[in-house]
Amino acid sequence: MPLAEKILAELRRVVGDENVLVTPEDLIPYSFDGTAALQQMPGCVVFARTTEQVASILRLANDTKTPIVTRGSGTGLSGGSLPSPDCLVLCTVKMDKILELDRANLTMLVEPGVTTLQIADAAAAAGLFYPPDPGSMKISTIGGNVAENSGGLRGLKYGVTRNYVMGMEVVLPGGEVLWTGNKCVKDVAGYSLKDLFIGSEGTLGVITKVLLRLIPKPQAKKTMVASFAQMDRAAEAVSAIIAAQIIPCTLEFLDRMTIHCVEAYAKIGLPLDCEALLLMETDGHPAAVAEEAAQMEKICRDIGCLELRVAKDEAEATKLASARRAAFSALARVSPTTILEDATVPRSELAKMIRLVEAVAKKYNLKIGTFGHMGDGNLHPTFLTDERNKEEMHRVEEAFKEIFDEAIRLGGTITGEHGVGLAKKSFLPKFAGNAQMRVMRELRRALDPRAILNPGKMFD
Ligand SMILES: Cc1cc2nc3c(=O)[nH]c(=O)nc-3n(C[C@H](O)[C@H](O)[C@H](O)COP(=O)(O)OP(=O)(O)OC[C@H]3O[C@@H](n4cnc5c(N)ncnc54)[C@H](O)[C@@H]3O)c2cc1C
């Protein structure tokens, strides 16, 4: 149902007619995000271009108690930007300017709709490096990355989005604009509010500017792929690499199902006669890279890898890395519905978790491909299913419950990077416990007393 005409008229006044969508045909693309089996029509979609417009929209939503769901590119995998019924979707993709690149302080100031790739490219053009690289980086926005505290393939060595946010501008529900953080390397004045907004999934405020930390570009990089006859062997290689005190920038794995789907999709020439592939990248000073690559190669061979391929040049490195980057898209071709999760455990528990995922797939007779950030203990068990098959979807739900229960039991978490949103809301209380849930609820109430921001997400 469209929003009240009075509210729509005010929105049109603030952002112009062309930036307010109301017809069902226009709204459908905004009725879902990257999460499978979730769809809900919004009341309208509004594109803002400035902080002042965002503030006016939030003031209006607050005064009229209109639910508001902030949206970047809608690639989220936990239903974070899924509209609530008849809500106002506030889309930030037109706030897409890189405002400043400060070479003296190694920072970049951007609007929230700039894509992750644009940031990485702009940093690279200045001879600098912005490491967070979610698989969706070609289209995901920095606003979405910050709101989800997104990770990527380089998380093991370089950390996640949080490690590169120095400050931000946020609009609060009543329309007040707040700046938190700055270009100082050190700053302990007051609570670190920026850290509260990172990973807040659009529930505490709307991020309208982000000040990012850049680092020097690594001078060299080496990429290699090793195949293993058993998944345990690949996990053993990861443990041995870390135990040797090597922290590669990438340590990713693909299981048999994922390898076959990727090869059918991207025709990279991957070895098919194996149970697991490890993608390894080390970067930094050329001498250190050469030494670490040689050590990693030796570790893999000593553990008995079947085959090890070292990229000869940048083109081959990109091709090998694309095996991992294509994993989700390749699996998504196999069945009508792809449900991807991101249970995460301490690295030492990874082999147990992988075995459990395999056992659960057998127990519930489900098709599953698993890949992920092995060095981070971050798994992406991906169920290949069909949401029209209610009985199978029930088995998928039961399988996920077992996976999340085991992740918690092993000292892990229900989500390593995709967020809670709607998809994992029911698992949060068990993971977080009463005290954390109470504090989170009180914080949310303090910042958004009228409960207009992303209602029903993360927790009620
Ligand atoms: C193929 C594929 C690969 C992916 N790979 C990864 C990966 O490697 N690592 C990873 O972490 N994630 C990954 N994701 C998930 C997703 O891309 C990330 O969560 C990403 O950060 C979402 O960005 P977005 O712009 O699409 O945000 P959206 O999906 O539009 O929104 C995500 C959340 O952020 C909130 N939000 C968005 N903008 C703002 C803002 N300006 N202010 C306040 N809140 C805001 C929304 O309300 C919502 O809760 C992947 C997704 C896909 C489809």
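It should be emphasised that the depicted structure is a prediction, and the values quoted were computed from it without experimental measurement. Each chain carries its own residue numbering, running from 1 in the direction its sequence is written. Two thresholds apply to this predicted model, a pLDDT of at least 70 for residue-level local features and 80 or more for giving and counting side-chain atom pairs, whereas whole-chain, interface and lining totals are computed over all residues. The basis for every side-chain value is the complete set of heavy atoms in the structure, and neither hydrogens nor water enter the calculation.

Trainee: Lay out the pattern of salt bridges with the relevant residues and their values.
Mentor: Here, a salt bridge means any Lys or Arg side-chain nitrogen found within 4 Å of an Asp or Glu carboxyl oxygen. A full pass over the atoms with the stated rule returns 32 salt bridges. When the shortest N-O distance is used, the salt bridge between K221 and E281 registers 3.7 Å. Of this pair, K221 sits in strand β12 (residues 220-228) while E281 sits in strand β14 (residues 276-284), and the two are 60 residues apart along the sequence. Judged by its relative accessible area of 42%, K221 falls in the partly exposed class. Exposure remark for E281: the relative accessible area of 7% places this residue in the buried category. With its nearest N and O atoms 3.0 Å apart, the salt bridge here joins E406 to R409. You can see E406 and its partner R409 sitting in helix α14 (residues 390-409), 3 residues apart, about one turn around the helix. Note on classification: 1.4 Å probe, protein chains only; a residue is buried when its accessible area is under 20% of the maximum for its type, exposed when over 50%, partly exposed between these limits. Since its relative accessible area comes to 15%, E406 is described here as buried. Taking the relative accessible area as the measure of exposure, R409 reaches 59% and is therefore exposed. When salt bridges with common partners are traced through the structure, they connect E100, D102 and K183 into a single cluster. Numbering of helices and strands runs from the N terminus, with a helix taken as a DSSP run of H or I at least four residues long and a strand as a DSSP run of E at least two residues long.

Trainee: Would you mind going over the sheet that holds strand β9 (residues 177-181) in detail, with residue names and values included?
Mentor: The pairing criterion is simple: DSSP has to find at least two bridges between the two strands. A sheet is described by the order of its strands in space; here 5 strands give the open sequence β5-β6-β10-β8-β9, paired in antiparallel fashion. Of all strands in the sheet, those with a lone pairing partner are β5 (98-102) and β9, marking the two edges. The mean inter-strand angle of the sheet, taken between neighbouring strand axes irrespective of direction, is 10°. Any two residues having at least one pair of non-hydrogen atoms within 4.5 Å are treated as being in contact. In this analysis an axis means a line fitted to C-alpha atoms, helices contributing only their contacting stretch, and an angle means the value between N-to-C directions, from 0 to 180 degrees. Where helix α4 (residues 116-125) meets the sheet, it contacts β5, β6 (107-110) and β10 (206-213), and its direction lies at approximately 145° from that of β6.

Trainee: Explain the site of the ligand to me, and be specific about the residues and the numbers.
Mentor: Contacts to the ligand come from 33 residues, most closely from T70, T75, S136, T141 and S150. At 2.8 Å, a backbone N or O of G74 approaches an oxygen atom of the ligand. Polar contact is defined as a pair of N or O atoms within 3.5 Å, subject to the rule that within protein one atom must be able to donate a hydrogen and the other to accept it, and that residues adjacent in sequence are counted only when both atoms are side-chain atoms. G80 places a main-chain nitrogen or oxygen 3.3 Å from an oxygen atom of the ligand. Starting from 980 Å² of accessible surface for the ligand in isolation, the protein chains cover 94%. Among the elements of the structure, β3 (68-71), α5 (142-148) and β10 are those that each provide at least two residues to the shell around the ligand. The dominant element in the shell around the ligand, judged by the number of residues it contributes, is α5, at 5 residues. When the residues that make up the shell around the ligand are grouped by side-chain class, the tally is 7 nonpolar, 22 polar and 4 charged. Any residue with a heavy atom lying within 4 Å of a molecule or strand is counted as near it. Only the protein chains shown count as cover for residues, and all accessible areas are computed by the Shrake-Rupley method using a 1.4 Å probe. Basically, the charged four are Asp, Glu, Lys and Arg, the nonpolar ten are Ala, Val, Leu, Ile, Met, Phe, Trp, Tyr, Cys and Pro, and anything else, Gly included, counts as polar.

Trainee: How would you explain the packing of aromatic side chains if you had to name every residue and give the values?
Mentor: To pair, rings of Phe, Tyr and Trp, with the six-membered ring standing in for Trp, must have centres within 6.5 Å; the planes then decide the type, stacked if under 30 degrees apart, edge-to-face if over 60, and tilted in the middle. Enumeration according to the criterion identifies 6 aromatic pairs in this entry. Note on F129 and Y158: the rings are 5.3 Å apart at their centroids and 90° apart in plane angle, and the pair reads as edge-to-face. Taken together, the residues F129 in strand β7 (residues 128-129) and Y158 in helix α6 (residues 155-158) connect sequence positions 29 residues apart. Judged by its relative accessible area of 12%, F129 falls in the buried class. By relative accessible area, Y158 is classed as buried at 13%. Their ring planes at 75° and their centres at 4.5 Å tell us that F383 and F400 sit as a pair that is edge-to-face. Here F400 lies in helix α14 and F383 lies in strand β18 (residues 378-385), a separation of 17 residues in the sequence. Exposure remark for F383: the relative accessible area of 1% places this residue in the buried category. With relative accessibility at 6%, the residue F400 sits in the buried group. Among the aromatic residues, those joined into a cluster by ring pairs are F383, F400, F404 and F427. The rule is short: NZ of Lys or CZ of Arg within 6 Å of the ring centre and within 35 degrees of the ring normal puts a charge over the ring. When the ring centre of F47 is taken as reference, the NZ or CZ atom of K94 above it lies at 4.6 Å.

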